[in-house]
Amino acid sequence: MKKLFATAAVALAALSFGPATSSFADGMKADIVDTAVEAGAFNTLVAAVQAAGLVDVLKSDGPFTVFAPTDDAFAALPEGTVESLLAEEGLGTLTAILTYHVVPGKVMSADLAGQALEAATASGMMLSIDATGDAVIVGGATVIAADIETSNGVIHVVDAVILPPAN
């Protein structure tokens, strides 16, 4: 586990977050959306959250735990996928995917250490989390940066878009 968090710290620095929290000039922590915007590595995620109408939810009090895919994670999806999700007819699917990346409550990496479990997501579906090995695997994606605290929760950066199971 210590190896994961050392790796996460390096990845965190590489994603230009600076310290493991994001703050405004007045010393207040930024919320989940503002932290993602400030990082610069989540442009596709931010665009998707805007298209799905979830900005106000992710700026609300929360707390929320967000498993945030990077722009590279979205780019790894099959060609045309992001565009079809952002189109009006894809917004229902997009919302289901995005809410599958959100767990109500603030779950820090220490809360998961050494466990394999399922967590209820904002979509109402269960998400598998395996923190028993050297890496934390969430729904098939690897956590590459952990514990980015915000004013309304925490962000854990993942290397893939987590797709909900088919009904």
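Presented here is a report on the structure given in the accompanying data block. Because the structure is predicted, anything quoted here is derived from the model rather than measured. (Residues numbered from 1 in each chain as written. Predicted model: local features only at pLDDT ≥ 70, side-chain atom pairs only at ≥ 80, totals over all residues. Heavy atoms only, no water.)

When you line up the elements, Thr 81 lands in helix H6 (residues 81-86). A distance of 2.7 Å separates the side chain of Thr 81 from the backbone oxygen of Pro 78, its partner in a polar contact. (Helix = DSSP H or I, 4+ residues; strand = E, 2+ residues; numbered from the N terminus. Polar contact = N/O pair within 3.5 Å; in protein donor to acceptor, adjacent residues only side chain to side chain.)

Pairing between strand E3 (residues 116-120) and strand E4 (residues 126-130): five bridges, direction antiparallel. Bridge assignment links Ala 116 to a residue of E4, and that residue is Asp 130. (Pairing = 2+ DSSP bridges.)

Applying the stated criterion across every chain yields a total of four salt bridges. The closest approach of N and O atoms between Lys 59 and Asp 34, which form a salt bridge, is 2.9 Å. Within this pair, whereas Lys 59 is found in helix H4 (residues 55-59), its partner Asp 34 is found in helix H2 (residues 32-39), the two being separated by 25 residues in sequence. Each of Lys 29, Lys 106 and Glu 149 takes part in one network of salt bridges that share partners. (Salt bridge = Lys/Arg side-chain N within 4 Å of Asp/Glu carboxyl O.)

As a further point, take unusual backbone geometry. That bond from Gly 62 to Pro 63 is cis: its omega, 5°, falls within 30 degrees of zero. Even without glycine at this site, Asp 147 takes up a positive phi of about 65°. Position of Asp 147 relative to the elements: it lies in strand E6 (residues 141-150). With relative accessibility at 18%, the residue Asp 147 sits in the buried group. (Buried < 20%, exposed > 50% of the residue type's maximum accessible area, 1.4 Å probe, protein only.)

We now examine the packing of helix H3 (residues 43-51) against helix H7 (residues 91-99). The interhelical angle for the contact between H3 and H7, taken along N-to-C directions, is 120°, at an axis separation of 9 Å. Viewed along their axes, H3 and H7 adopt a mutual orientation that is oblique. Where H3 crosses over H7, the two elements pack in a sense that is left-handed. Here H3 contributes Leu 45, Ala 48, Val 49 and Ala 51 to the contact with H7, which in turn contributes Leu 91, Leu 94 and Leu 98. Considered class by class, the residues forming the contact of H3 with H7 number seven nonpolar, no polar and no charged. (Axes fitted to C-alpha atoms, helices over the stretch in contact; angles between N-to-C directions. Parallel < 35°, antiparallel > 145°, perpendicular 65-115°, else oblique. Left-handed = near helix turned anticlockwise from the far one by under 90°. Contact = heavy atoms within 4.5 Å. Nonpolar A, V, L, I, M, F, W, Y, C, P; charged D, E, K, R; others polar.)

Burial within strand E7 (residues 153-158) is extensive, with six of its six residues counted as buried. Judged by which residues are buried, E7 turns out to be covered on both faces: Gly 153, Ile 155 and Val 157 on one side and Val 154, His 156 and Val 158 on the other are all buried. Two strands pair when backbone bridges link them, and strand E1 (residues 64-69) and E7 are joined in this way by six bridges, in the parallel orientation. Bridge pairing in E7 links Phe 67 to His 156. Inspection of the sheet shows E6 paired to E7 by five bridges, in the antiparallel sense. Across the sheet, residue Ala 145 finds its bridge partner in E7, namely Val 157.

Moving on, we come to the side chain of Thr 99. Residue position: Thr 99 is located in helix H7. Ignoring any residue separated from it by four or fewer positions in sequence, one finds Thr 99 in contact with Leu 54, Thr 121, Ala 122 and Ser 123.

Our next topic: the environment of Ala 145. If you trace the backbone, Ala 145 turns up in strand E6. Distance from Ala 145 to Phe 67, taken between C-alpha atoms, is 9.8 Å for residues 78 residues apart in sequence.

In this section: H3. Regarding H3, the residues found buried are Leu 45, Val 46, Ala 48 and Val 49. Each buried residue of H3 sits inside an arc of 160° when the element is viewed along its axis, so together they form one side. Looking at the buried side of H3, the elements it contacts are H2, H4, E1, helix H5 (71-75), H6 and H7. Backbone geometry just downstream of H3 places Gly 53 in the positive-phi region, at approximately 75°. (Arc of directions from axis to C-beta.)

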